Structures are given as C-alpha cells and as structure tokens.
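# Coordinate analysis (summary)
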Amino acid sequence: EIVYASGKTVEQVEGIVGQLLEGNAGPILVTRADEDQLRAVLTLGEQGGHLVESKPRSRAIAILRNVPPAIGRVLVVRAGTSDLPVAEEAALTVSVLGAGVELIGDVGVAGLHRIASVRDELEAADVVVVVAGMEGALASVVGGLVSCPVIACPTSVGYGASFGGLAALLAMLSSCTPGVVCVDIDDGVGAGYTAALIARRAAS
C-alpha cells in the first residue's frame, strides 16, 4: 500500500496507516510526508515491532513487513545531487515492491566520462530509472547505452527556463532513443513502481 501524505493532517495519516497495519499484511510506503507525519509513521511501525526505513530528504518512509524476496535488478541513476530526493523515493519504492535496487549518483551529461564509468552496472540491469532535471538529456544518453527498458523521471531541478521540470519532461517525452518511457515530474514513486514490476517479471 502507498499513502500520499501531502495535504493530509498527521491524524489522518496515522489513521490510514493504522488501518492498513490492521487490515493487511504487506509493506506500507508513505510519501511526501512532513516531519511530523514521518515521526508518526515511524512510531506506529516501531510500536508494531516492524522494521522501518525512512528517507527524510525524499519525505518518504516505509514500514517493511512481509516485503517479497528481492528479485531482478533495478539501477536508479541520478544526474546530480539535487536530484537525490526523487531518486531516493524511486529506490525505496523499488525495494518495498521486492526488486533489487542500486542507486548511482552524479552521472549527469555535463561529464560524459561519469556515465561511461558505470557501463558494467548499466548493462547488468533489468531496467534503469534515470532521474534528471535541467534539460533531461541523461535519459536519452542512457537509453543509447543499454538494451533494457529505461524509465525517465524528470525533476523540477533547474534554472528559470526549465519551467519547474517542464523542459526535462518534454525532452524525455521527445527522446529519439527507443526504449525510453517517461513518468511525471518528480514522480519517483511512479518510476520505481513500474521499474519493480518490469524487473520482477524479467527475473521470474
């Protein structure tokens, strides 16, 4: 179960997570949570004796109960440090859904030698999630290097003309590299969820 916390009160998030803890047996992922909501979910998880993984930068937290055994391999690559919150959200989503995941950072197109240095990791992946802002060129570059699906996740990182991620979104949607598909701006959950489905199916 995935709970989108933004726009909800702490009490509402507590109530939803509490119902999920009582009503099913799977992992619970809470996204876009503020500090108070993160703290409340952590408390609920610990009170139930569950392992909890929190990613404060990405405002995400997961109660890791009965997570499926990790199969398949997802590689999450991010262009720069500013893209880390969305990349962490994607990676946490992948792990909650039971796929293996590795996060690689700072391989943006401003220094192509950096993406070239991780060719072995790229080639070993079942699916690659590319998290990038600015002009979003990294997705096309990675797509041209690998034979697996590439999920492009544009971020709102960038200067004024990037229009809050719109420039990266349009570039990724318009990629000339076959095998590149795109999710919404800052949508780490959507990218990670889809990547996990592909990786688990590829490895089964």
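That block above? That's the structure.
Note that the structure is predicted; figures quoted are calculated from it, not measured.

### With respect to the sheet that holds strand β9 (residues 180-182)
- Spatial ordering of the open sheet is given by β6-β5-β7-β8-β9, a layout of five strands whose pairing is parallel. Across the chains shown, the open sheet's two edge strands, defined by having one partner strand only, are β6 (99-104) and β9. Averaged over all neighbouring strand pairs, the angle between strand axes comes to 25°, with direction disregarded.
- Two strands pair when backbone bridges link them, and strand β8 (residues 150-154) and β9 are joined in this way by three bridges, in the parallel orientation. When the sheet's bridge partners are listed, Ile 151 is paired in β9 with Val 181.
- Each of β7 (127-132), β8 and β9 is contacted by helix α7 (residues 166-173), which is oriented at about 160° to β8, the strand it contacts most.

### What to know about the pairing of strand β3 (residues 51-55)
- Note that β3 and strand β4 (residues 60-64) share five bridges and pair antiparallel. When the bridges of β4 are listed, Lys 55 appears paired with Ala 60.
- Where β3 folds back on β4, the antiparallel hairpin that results is connected by four residues, among which Arg 59 adopts a positive phi of roughly 60°.

### Describing the side chain of Thr 155
- Considering the arrangement of structural elements, one finds Thr 155 in the loop between β8 and α7.
- You can call Thr 155 buried: its relative accessible area is 1%.
- In contact with Thr 155, not counting residues within four places along its chain, are Asp 83, Val 86, Val 131, Ala 132, Gly 133, Gly 165, Ala 168, Ile 185 and Asp 186.

### Thoughts on the sheet that holds β3
- In space, the four strands of this open sheet follow the order β1-β2-β4-β3, with mixed pairing throughout. Only two strands of the sheet have a single partner each, and these edge strands are β1 (2-4) and β3. Each strand of the sheet is rotated relative to its neighbour by a mean of 15°, with strand direction disregarded.
- Strands β2 (28-31), β3 and β4 of the sheet are contacted by helix α2 (residues 35-47), whose axis makes an angle of about 10° with β4.
- In this fold helix α3 (residues 84-96) packs onto β2, β3 and β4, with an angle of close to 15° to the strand it touches most, β4.

Basis of the calculations
- Residues numbered from 1 in each chain as written.
- Predicted model: local features only at pLDDT ≥ 70, side-chain atom pairs only at ≥ 80, totals over all residues.
- Heavy atoms only, no water.
- Pairing = 2+ DSSP bridges.
- Helix = DSSP H or I, 4+ residues; strand = E, 2+ residues; numbered from the N terminus.
- Axes fitted to C-alpha atoms, helices over the stretch in contact; angles between N-to-C directions.
- Contact = heavy atoms within 4.5 Å.
- Buried < 20%, exposed > 50% of the residue type's maximum accessible area, 1.4 Å probe, protein only.

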